[in-house]
Amino acid sequence: MASWGNLQPLSTQFYSLLQHGLFLVLFFHLPFLGFLIGGSAVSLLLNFLGKEKRDPSYLRFSQELMRTVLMSKSALFLFGLVPLLLVWFAYARVLFDPSPLPWQFWGVLLAALIFGFAFLLLYRSARDRTLDLSPISAATGAAGLLALILAFFLFSAGYGILFNPSKLPLLQKQIQFFLSWNGVVKFLLFLAFFFGMTGAAILLLCGRSAEGGEGTEAGYRRLVHRFGANLTFLATLVLPVFLLLDLVTLPVVALSAEVFVSSAVVLLLSLAVCLTLFLFDGKGEGGPGARVVFLFVLIFLAMLLHDDAAVGNAYQDRVAFLAMQEAVMAETGKEAHREAPAATAQTKADAGKVVFETICAGCHRFDIRVVGPPLSEVVPKYGGDAEKLKAFIRAPVKVNPGYPSMPRLGLPEEEIDAVARYLIEKVKAGGSS
Amino acid sequence: MTHSYRKPLLLLAVTAYFGVLLLIAAGLWVSWQRAGVAPDQPIAFPHTIHVSKLNLPCNFCHLFVDRSRHAGAPPLETCMSCHRAIATDREEIKKLTRHYEEKRPVEWNRVYSLPEHVYFSHKRHVKAGVDCSECHGKVGTMKKIRRVGTLTMGWCVSCHRARGAPRDCTTCHK
């Protein structure tokens, strides 16, 4: 992991690109994972209900839902696994820290995801073959679902760290610090969103298998519609509660007006979802499906903007620090360019004069006290020993209690050398004249 | 008959529910603003210049940080030792000079305050090698000082646990 040690963001622009890029990846990855979790959970629930009520409509709905959720294996790879690698990479850099979460964390997360995907694929193919599912196949589906939920819980806990930079030094000492209340709240918030989104997707995509020509189509469609609408409605009522808890548990450094405004937007959009479900609770083509799905896309966008702003707030000091380093480097680059011809003794003396006038003259004059003592009084104490004077300039210590301490200036060695020689020469010349 | 009332009533109930949640969110916003995370100060002292540009160590101004419970705001004499001569034409320095000449202390607004039942010593933390920035953030990048830690008990205890510092009740509650 040492090789990650130099993985610092290269520039402030690159940093913000990474931060926003991370949320862009999540914008595609999380809904995919969410539909998989929500859809599988609902399919398993319908399977249970169908057996309890001995109603084949439920089983048919369970089958149709699983077909919709797991349409292709390549989508699992593309939207389920690849984004995780991108998230891993962005995490290391966005956090300014190569290994805030050890490889074991990512390993367990990835293993749980793959296990979950594999078991859900098994469940889907069994579900596809027959309406009367064996308990073992149902258990396979449940195991896959639990694995995905575990993976998502780990992901949420790690996601919570993104908002709390003060946890990073603690994390390196003890791994259990990756758990936080904010991480747990985010897990529940996203879970509520996933179920709401699944309900919306059911309204839009399911209940259309009239092509099967199985009869009782109207009854089946009513069941699907009622189930989708109720699920969306309940999840949309629960979601804002977790959103408020998120505001309560977010570290104070992550809060800003943008975070509160985007939360209010999510609340208003959730209200809009509920109203849409009431006003278009109907029938057939004029149903709320497409509208609700569109509103859920907006909700998710607002949720991610909320998180993006919060991460930006949490790391603003570090980014500002990076910007300062860049400014210093640009300045040093210019100076190095300017001082390139400083080879001869004459230019060295000139360089000493330049350093004196730009740095030292703020506090020192030769003849009178300004902030520090007059140089014609203190420089002769070094008896012309440039090395001794250089040592003082490098790391000043308080000598005379009548003056404030001189700060450490952090000058490059050649500037210290040039200014020390300049001061000795100048005081010598001044003393003789 | 009852059925026709159900829908509008439900609509009303749902709207009221979201209204209450919005009010709670607004309340959280107001309480966050009032918490004074970054209060305005009587003199806009830039840590950016003094810490990042001049590389002054923290205890250059906060004289007692390694000697006392309180880090202490610097006496005006400390500011004036440099600002008698430096940047005297700036508005904020003129303000500072007026305070000094009128012997009127600057009433800084507290950014970090702990309740009375908490005993906290800067000296102990500095001696234990805790860097100032671990609790106060990178002040050198802040034009206006903001509180970065929550100062909750969990926040303190997390760090004590990670560093193996004592966690007896009496460590902080004397």
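Just so we're clear, the structure is a prediction, and the values are computed from it rather than from any experiment.

Section: the overall build of chain A
Argument step 1. When its secondary structure is counted, chain A shows 15 helices and zero strands.
Argument step 2. Burial analysis of chain A (433 residues in total) assigns 50% to the buried set.
Argument step 3. Taking the intrachain contacts of chain A between residues at least 6 apart in sequence as the baseline, contacts between residues at least 24 apart amount to 78%.
Argument step 4. When the accessible surface of chain A is totalled, it reaches about 20,400 Å², and 67% of it is carbon and sulfur.

Quick notes on the overall build of chain B
Argument step 1. Secondary structure summary: chain B contains nine helices and zero strands in total.
Argument step 2. Of the regular secondary structure in chain B, the N- to C-terminal order runs α-α-α-α-α-α-α-α-α.
Argument step 3. The globule rule puts the C-alpha radius of gyration for 174 residues at 16 Å, and the 24 Å found for chain B is more than 25% above it.
Argument step 4. Taking the principal axes of the C-alpha coordinates as reference, chain B spans close to 85 × 45 × 30 Å.
Argument step 5. The 174 residues of chain B split such that 27% are buried.
Argument step 6. Considering only residue pairs separated by 6 or more positions, chain B has 65% of its internal contacts joining residues 24 or more positions apart.
Argument step 7. Roughly 11,500 Å² of accessible area belongs to chain B as shown, and the carbon and sulfur atoms make up 61% of that amount.

Looking at the packing of aromatic side chains
Residue and element names in this part refer to chain A.
Argument step 1. For the structure on display, the rule yields 28 aromatic pairs over all chains.
Argument step 2. A ring pair is formed by Phe153 and Phe187, whose centres lie 5.1 Å apart and whose planes are at 85 degrees; its orientation type is edge-to-face. One end of the pair, Phe153, is in helix 5 (residues 135–161); the other, Phe187, is in helix 7 (residues 181–205), and 34 residues separate them in sequence.
Argument step 3. With relative accessibility at 26%, the residue Phe153 sits in the partly exposed group.
Argument step 4. Phe187 sits in the buried class, given a relative accessible area of 10%.
Argument step 5. Seen in terms of ring centroids, Phe356 and Phe366 are 5.1 Å apart; in terms of plane orientation they differ by 40 degrees. Their pairing is tilted. In this pair, Phe356 is assigned in helix 12 (residues 345–358) and Phe366 in the loop between helix 12 and helix 13 (375–378), connecting sequence segments 10 residues apart. As far as burial versus exposure is concerned, Phe356 and Phe366 are alike and both buried.
Argument step 6. Residue placement shows Lys186 over the ring face of Phe163; its charged tip is 4.2 Å from the ring centre.
Argument step 7. A cation sits over an aromatic face here: Lys426 above Phe366, 5.8 Å from the ring centre.

Here we look at the interface of chain A and chain B
Interface size, as often reported, equals the accessible area lost upon joining of the parts.
Argument step 1. Of the residues lining the interface, 46 residues belong to chain A; the matching set on chain B comes to 40 residues.
Argument step 2. For the chain A and chain B pair, buried surface summed over both sides reaches about 3,600 Å², with 77% attributable to carbon and sulfur atoms.
Argument step 3. For the side of chain A that touches chain B, the secondary-structure elements that each account for two or more residues are helix 6 (168–173), helix 8 (217–249), helix 9 (257–279) and helix 11 (316–339) of chain A.
Argument step 4. No other element matches the 12 residues that helix 9 of chain A contributes to the side of chain A that touches chain B.

A few points about a nonpolar patch on the surface
All names here are of chain A.
Argument step 1. A cluster of nonpolar residues, Leu24, Phe28, Leu78 and Phe79, forms a patch on the protein surface that exposes about 400 Å² of accessible area.
Argument step 2. If you list the elements that add at least two residues to the nonpolar patch, you get helix 1 (12–53) and helix 3 (73–94).
Argument step 3. Position of Phe28 among the secondary structure elements: in helix 1.
Argument step 4. Looking at Phe28, the relative accessible area reads 48%, which means it is partly exposed.

Some words on helix 5 (residues 91–101) of chain B
All names here are of chain B.
Argument step 1. When helix 5 is considered as a whole, its buried residues turn out to be Ile93, Leu96 and His99. Down the axis, helix 5 shows its buried residues gathered within 115 degrees of arc, on one side only.
Argument step 2. Against helix 4 (76–83) lie the buried residues of helix 5.

Focus on the packing of helix 1 of chain A against helix 5 of chain A
All names here are of chain A.
Argument step 1. Packing of helix 1 against helix 5 leaves a shortest axis separation of 10 Å and a crossing angle of 150 degrees. By the angle class used here, helix 1 and helix 5 are roughly antiparallel. The element helix 1 and its partner helix 5 pack so that their crossing is left-handed. Each of Phe23, Leu26, Leu30, Leu33, Leu36, Ile37, Ser40, Ala41, Leu44 and Asn47 in helix 1 lies in contact with helix 5, whose residues at this interface are Ala138, Gly141, Ala142, Leu145, Leu148, Ile149, Phe152, Phe155 and Tyr159.
Argument step 2. Partitioning the contact of helix 1 with helix 5 into residue classes produces 16 nonpolar, three polar and no charged.

A closer look at the side chain of Arg146 of chain B
Argument step 1. Mapped onto the elements of the fold, Arg146 of chain B is located in the loop between helix 7 (132–136) and helix 8 (153–163).
Argument step 2. In this structure Arg146 of chain B touches Val253, Gln316 and Asp317 of chain A together with Val37, Ala38, Val111 and Tyr112 of chain B, once residues within four positions along its chain are discounted.

Structural notes on the pattern of salt bridges
Residue and element names in this part refer to chain A.
Argument step 1. Within the structure shown, the criterion is met by 13 salt bridges over all chains.
Argument step 2. Among the salt bridges present, the one from Lys186 reaches Asp307, with a minimum N-O distance of 3.8 Å. Of this pair, Lys186 sits in helix 7 while Asp307 sits in helix 10 (residues 289–314), and the two are 121 residues apart along the sequence.
Argument step 3. On the basis of relative accessible area, Asp307 is assigned to the buried category, the value being 4%.
Argument step 4. Beyond isolated ion pairs, a larger network of salt bridges with shared partners links Glu387, Lys390, Asp417 and Arg421.

Focus: the nonpolar core
Residue and element names in this part refer to chain A.
Argument step 1. Judged by nonpolar contacts, the single largest core of 122 residues is most densely connected at Phe61, Phe152, Phe155, Tyr159 and Phe193.
Argument step 2. For this core, the element with the highest residue contribution is helix 1, accounting for 15 residues.
Argument step 3. Of all hydrophobic cores here, the second largest spans 19 residues; its members include Leu389, Phe392, Ile393 and Leu411.

Thoughts on the environment of Val42 of chain A
All names here are of chain A.
Argument step 1. Among the secondary structure elements, Val42 is positioned in helix 1.
Argument step 2. Judged by its relative accessible area of 3%, Val42 falls in the buried class.
Argument step 3. Separated by 363 residues in the primary sequence, Val42 and Ser405 place their C-alpha atoms 71 Å from one another.
Argument step 4. Those residues in contact with Val42 that sit more than four places away from it in its chain are Leu65, Phe195, Thr198, Ile202, Phe227 and Leu231.

Conventions used here
Residues numbered from 1 in each chain as written. Chains lettered and ligands numbered in written order. Predicted model: local features only at pLDDT ≥ 70, side-chain atom pairs only at ≥ 80, totals over all residues. Heavy atoms only, no water. Helix = DSSP H or I, 4+ residues; strand = E, 2+ residues; numbered from the N terminus. Buried < 20%, exposed > 50% of the residue type's maximum accessible area, 1.4 Å probe, protein only. Contact = heavy atoms within 4.5 Å. Areas by Shrake-Rupley, 256 points an atom, 1.4 Å probe, with all protein chains shown as cover. Rg over C-alpha atoms; globule rule 2.2 N^0.38 Å. Phe/Tyr/Trp six-rings, centres within 6.5 Å; stacked < 30°, edge-to-face > 60°. Lys NZ or Arg CZ within 6 Å of the ring centre and 35° of its normal. Buried area = accessible area lost by both parts, 1.4 Å probe. Patch = residues over 30% accessible without salt bridge, like charges linked within 9 Å, V, L, I, M, F, W, Y side chains within 5 Å. Salt bridge = Lys/Arg side-chain N within 4 Å of Asp/Glu carboxyl O. Arc of directions from axis to C-beta. Axes fitted to C-alpha atoms, helices over the stretch in contact; angles between N-to-C directions. Parallel < 35°, antiparallel > 145°, perpendicular 65-115°, else oblique. Left-handed = near helix turned anticlockwise from the far one by under 90°. Nonpolar A, V, L, I, M, F, W, Y, C, P; charged D, E, K, R; others polar. Core = buried A, V, L, I, M, F, W, Y, C linked by side-chain atoms within 4.5 Å.

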